[in-house]
Amino acid sequence: MRHGRLSSVFDAVGQTPMVRLRRIEQETPGVEIYLKLEYMNPGGSVKDRPARQMILDAVADGRFTSDKILIDSTSGNTGVAYSLYGAALGYRIALVMPSNVSKPRKDITRAYGTELIFSDPMLGSDGAIEKVKEIVAADPERYFYPDQYANPSNPRAHYLGTGAEILDQVGDRITHFASALGTSGTMMGTTRRLREHSRPIQCIALEPAEALHGLEGLKHMASSIVPPIYDASTFDEVMPVKTDDGWDMSERLAAQEGIYVGHSTGANVAGAVQVAKRLIAKGEEGCVVTIAADRGDRYLSSDLFG
């Protein structure tokens, strides 16, 4: 992690620690499982990375200027990141999100002075995407629309940061990387960096097993608007994770590892355990790395922790 004096909150992003899940590993003997704690970014989630990169790249090439409002669709975490950067840099931010996004995420973004625009909760993240496009189309000169689902700066952030840091932290030990799909930026960018390592690393995309699921922020690709940055040829396979397994693992991580995280992280770890058990069934050892996307306090208004 970064220490000492920083010139701005932008410099606090990245270099997140990685923790070995030794108690979860008790059911996967011979296979190590590591969790990269992305909730230790300043905005509390993995989305701090792409939000930062999208803003930096757009300011550098002139797409985002002080006379424009940054607007994007979000299920919450990217919005929190946009909001804190906007407050720090003096930019105006507007966010479109489903109205059923957890209350803490709404409260956090509002605290930074962000304008919130709500979309139909029954349409999920896809409904927010459609609504923000309508708003921008009606007044394109007023807004900078980074479009996290289509912006190459999203996966680029993970190529430059997440993937490189994982290799620094576990090096040749890593045999598998598993991460859930939302915008797909984490999976795309991290996998591309891991592919450049000196030996093969299996990269597995995780997605909700059901079209109608309870894993906030994640996409079931077959029933969703597929993000333009998504490329299924980048990774080795897609593995389904059930909603109940993601929620149950979130509770286990809090109770057994002292790691308080949300549903998507529960799904990530549940998927990593599936990968580990498959290795064991084949009589193989390994090292599986996954991502802690955000903290559990983002879900305190839900039933996640009873």
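Residues numbered from 1 in each chain as written. Predicted model: local features only at pLDDT ≥ 70, side-chain atom pairs only at ≥ 80, totals over all residues. Heavy atoms only, no water.

1. Describing the sheet that holds strand β6 (residues 143–144)
Part 1 of the reasoning: Here we have 4 strands laid out as an open sheet, ordered β5-β4-β3-β6, and parallel in their pairing. At either margin of the open sheet sits one strand with a lone partner, and together these are β5 (115–119) and β6.
Part 2 of the reasoning: In this structure, strand β4 (residues 92–98) lies alongside β5, joined through 5 bridges in parallel fashion. Bridging from a neighbouring strand, valine 96 pairs with isoleucine 117 of β5.
Part 3 of the reasoning: Against the sheet, helix α2 (residues 77–89) engages β3 (69–73) and β4, with an angle of about 165° to β4.
Part 4 of the reasoning: Sitting on the sheet, helix α3 (residues 103–111) touches β4 and β5, and the angle it makes with β5 is about 150°. (Pairing = 2+ DSSP bridges. Helix = DSSP H or I, 4+ residues; strand = E, 2+ residues; numbered from the N terminus. Contact = heavy atoms within 4.5 Å. Axes fitted to C-alpha atoms, helices over the stretch in contact; angles between N-to-C directions.)

2. Quick word on the layout of surface pockets
Part 1 of the reasoning: The calculated volume of the largest pocket comes to roughly 780 Å³.
Part 2 of the reasoning: What lines the largest pocket is a set of 28 residues, and nearest its centre among them are Asn100, Pro121, Gly124, Ser125 and His213.
Part 3 of the reasoning: In terms of residue count, the dominant contributor to the lining of the largest pocket is helix α4 (residues 124–138) (3 residues).
Part 4 of the reasoning: A breakdown of the residues in the lining of the largest pocket according to their chemical character gives 11 nonpolar, 14 polar and 3 charged.
Part 5 of the reasoning: Around the second largest pocket sit 13 residues that line it, and Val13, Arg49, Arg52, Gly161 and Glu165 are the ones nearest its centre.
Part 6 of the reasoning: Those elements giving two or more residues to the lining of the second largest pocket turn out to be α1 (48–61) and α5 (153–170).
Part 7 of the reasoning: The biggest single contributor to the lining of the second largest pocket is α5, with 4 residues.
Part 8 of the reasoning: In the lining of the second largest pocket, the residues fall into 4 nonpolar, 4 polar and 5 charged. (1 Å grid on protein atoms, 1.4 Å probe; cavity = no way out; pocket = protein on both sides within 12 Å on 5 of 7 lines; lining within 4 Å. Points joined across faces, edges and corners; volume = space filled by probe spheres on them. Nonpolar A, V, L, I, M, F, W, Y, C, P; charged D, E, K, R; others polar.)

3. Observations concerning the pattern of salt bridges
Part 1 of the reasoning: In total, this model carries 15 salt bridges according to the counting rule given.
Part 2 of the reasoning: Arginine 173 is the salt-bridge partner of glutamate 32, the closest N and O atoms lying 2.2 Å from each other. Here glutamate 32 is found in strand β2 (residues 31–37), whereas its partner arginine 173 is found in the loop between α5 and β7 (176–180), with 141 residues between them in sequence.
Part 3 of the reasoning: In this structure glutamate 32 comes out as buried when scored by relative accessible area, which is 11%.
Part 4 of the reasoning: With a closest N to O distance of 2.5 Å, arginine 49 and glutamate 38 form a salt bridge. Remark: glutamate 38 occurs in the loop between β2 and α1 and arginine 49 occurs in helix α1; sequence separation between them is 11 residues.
Part 5 of the reasoning: Its relative accessible area of 5% is what places arginine 49 among the buried residues.
Part 6 of the reasoning: Glutamate 38 gets classed as buried once you look at its relative accessible area, which sits at 0%. (Salt bridge = Lys/Arg side-chain N within 4 Å of Asp/Glu carboxyl O. Buried < 20%, exposed > 50% of the residue type's maximum accessible area, 1.4 Å probe, protein only.)

All quantities given are derived from atomic positions and should not be read as evidence of function.
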